[in-house]
Amino acid sequence: MKVEHIIFDLDNTLYSSTSAMDAGITRRMMEAVADFFGVDVETAAKMRRENLPKFSTTLEWLRSEGLSDTEKYFAKVHPENEADELSPDENLRGLISSISQSRVILTNSPREHAERVLKKLNVADLFSDIVDIRACGLQGKPYEGAYRAALEKCGGDVSNTIFVDDLLKYTDGFLALGGTAVLIGNQNGRPLNRENPIFANVPHEKNGKLFKINSIYFLPDLLNKF
């Protein structure tokens, strides 16, 4: 396989899952769930754990329950000052710059969040585009359309593009298209059941290849092996 393009996830992939931003997003998300259902945060967290495996995102789950104001939800979970929770990484720019393949971001968050994160990490200019949840019609990873949108942006296909993410159910979605994916870190979540409606229109008999690395900093060594 000749790797010409790379599709990168954003959160917990370009920065560590132990960052304060991950905790902040999760806290605000639980508060949004609690507000929507009129329950306490602990109950909201339990409800989310039980329901999220059936959906691509918390947003999709809430929309199935009647949430209509998605912009209010985005503003709650991703406030303008959220980047204050993220520590700069002085080594990341050099790492991304060393990767010769074309690069796009595919995120299940809104574009403004991605722009804040990339700016804080000083790598915004190193990615040609951002495919956010709105660009996917609010159906993000692991829906086929999300990956297809990112492939179109980078000009690649599953034969020459790899996808990098920190969640198994999202790398699973790319594998279902016959693609090659890289799983980052150890907090990888649960695989996505292939009977899930998310896979309804995906030719998931075509299984791609999955690689696992501990952090984004191991990616250049992996790329050298292709």
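Residues numbered from 1 in each chain as written. Predicted model: local features only at pLDDT ≥ 70, side-chain atom pairs only at ≥ 80, totals over all residues. Heavy atoms only, no water.

A. Highlighting the overall build of the chain. The number of helices and strands found in the chain is 9 helices and 6 strands. With respect to the principal axes defined by its C-alpha atoms, the chain has extents near 50 × 40 × 30 Å. Scored against the burial criterion, the 226 residues of the chain give a buried share of 51%. In the chain, 69% of the contacts between residues at least 6 apart in sequence involve partners at least 24 apart. With the model as given, the accessible surface of the chain reaches about 10,700 Å², and the carbon-plus-sulfur share is 48%. Distance between charge centroids for the chain: 3 Å, based on 27 positive and 33 negative side chains. (Helix = DSSP H or I, 4+ residues; strand = E, 2+ residues; numbered from the N terminus. Buried < 20%, exposed > 50% of the residue type's maximum accessible area, 1.4 Å probe, protein only. Contact = heavy atoms within 4.5 Å. Areas by Shrake-Rupley, 256 points an atom, 1.4 Å probe, with all protein chains shown as cover. Lys, Arg positive; Asp, Glu negative; His and termini not counted. Charge placed at Lys NZ, Arg CZ, Asp CG, Glu CD.)

B. Main features of helix H4 (residues 70-77). Taken together, the buried positions of H4 are Thr 70, Tyr 73, Phe 74 and Val 77. Projected onto a plane normal to the axis of H4, the buried residues spread over an arc of 100° and lie on a single side. On its buried face, H4 is in contact with helix H1 (20-37), helix H3 (58-64) and helix H6 (111-120). (Arc of directions from axis to C-beta.)

C. Examining the sheet that holds strand E1 (residues 5-8) more closely. On the basis of which strands lie adjacent, the open sheet formed by 6 strands has the order E3-E2-E1-E4-E5-E6 and parallel pairing. The two strands at the open ends of the sheet, each matched to only one other strand, are strand E3 (129-131) and strand E6 (209-213). In this sheet, neighbouring strand axes are inclined to one another by 25° on average, regardless of whether the strands run parallel or antiparallel. Taken together, the 4 bridges between E1 and strand E4 (residues 161-165) define a ladder with parallel strand orientation. Bridge pairing in E4 links Ile 7 to Phe 163. Against the sheet, H6 engages strand E2 (102-106) and E3, with an angle of about 140° to E3. (Pairing = 2+ DSSP bridges. Axes fitted to C-alpha atoms, helices over the stretch in contact; angles between N-to-C directions.)

D. Seen up close, the nonpolar core. In terms of nonpolar packing, the biggest core is built from 48 residues, with Phe 8, Leu 14, Tyr 73, Phe 127, Ile 216 and Leu 219 touching the most fellow members. Counting residues per element, this core draws most heavily on H1, at 7 residues. Setting aside its immediate chain neighbours within four residues, Tyr 73 contacts Met 29, Ala 32, Thr 58, Leu 59, Leu 62 and Leu 67. Formed by 16 residues, the second largest nonpolar core is a distinct cluster that contains Val 104, Leu 106, Val 131 and Leu 175. (Core = buried A, V, L, I, M, F, W, Y, C linked by side-chain atoms within 4.5 Å.)

E. Region of the structure containing the side chain of Thr 161. With respect to the helices, strands and loops of the structure, Thr 161 is situated in strand E4. The exposure class of Thr 161 is buried, given its relative accessible area of 0%. Only 2.9 Å separates the side chain of Thr 161 from the backbone oxygen of Asp 157, close enough to count as a polar contact. (Polar contact = N/O pair within 3.5 Å; in protein donor to acceptor, adjacent residues only side chain to side chain.)

F. Fine view of the packing of H1 against helix H2 (residues 41-51). Closest axis-to-axis distance for the H1/H2 pair is 8 Å, and the angle between their directions is 100°. For the element pair H1 / H2, the angle class is roughly perpendicular. For the pair H1 and H2, the contacting residues are Met 29, Met 30, Glu 31, Val 33, Ala 34 and Phe 37 in the first and Val 41, Ala 44, Ala 45, Met 47 and Arg 48 in the second. For the contact of H1 with H2, a count of residues per class yields 9 nonpolar, no polar and 2 charged. (Parallel < 35°, antiparallel > 145°, perpendicular 65-115°, else oblique. Nonpolar A, V, L, I, M, F, W, Y, C, P; charged D, E, K, R; others polar.)

G. Structural view of the pattern of salt bridges. This structure, assessed with the given rule, holds 15 salt bridges. The salt bridge partner of Arg 111 is Glu 115, with a shortest N-O separation of 3.1 Å. Of this pair, Arg 111 and Glu 115 are both found in helix H6, 4 residues apart, which corresponds to roughly one turn of the helix. Notably, a salt bridge pairs Asp 165 with Lys 141, separated by 2.8 Å at the nearest N-O pair. (Salt bridge = Lys/Arg side-chain N within 4 Å of Asp/Glu carboxyl O.)

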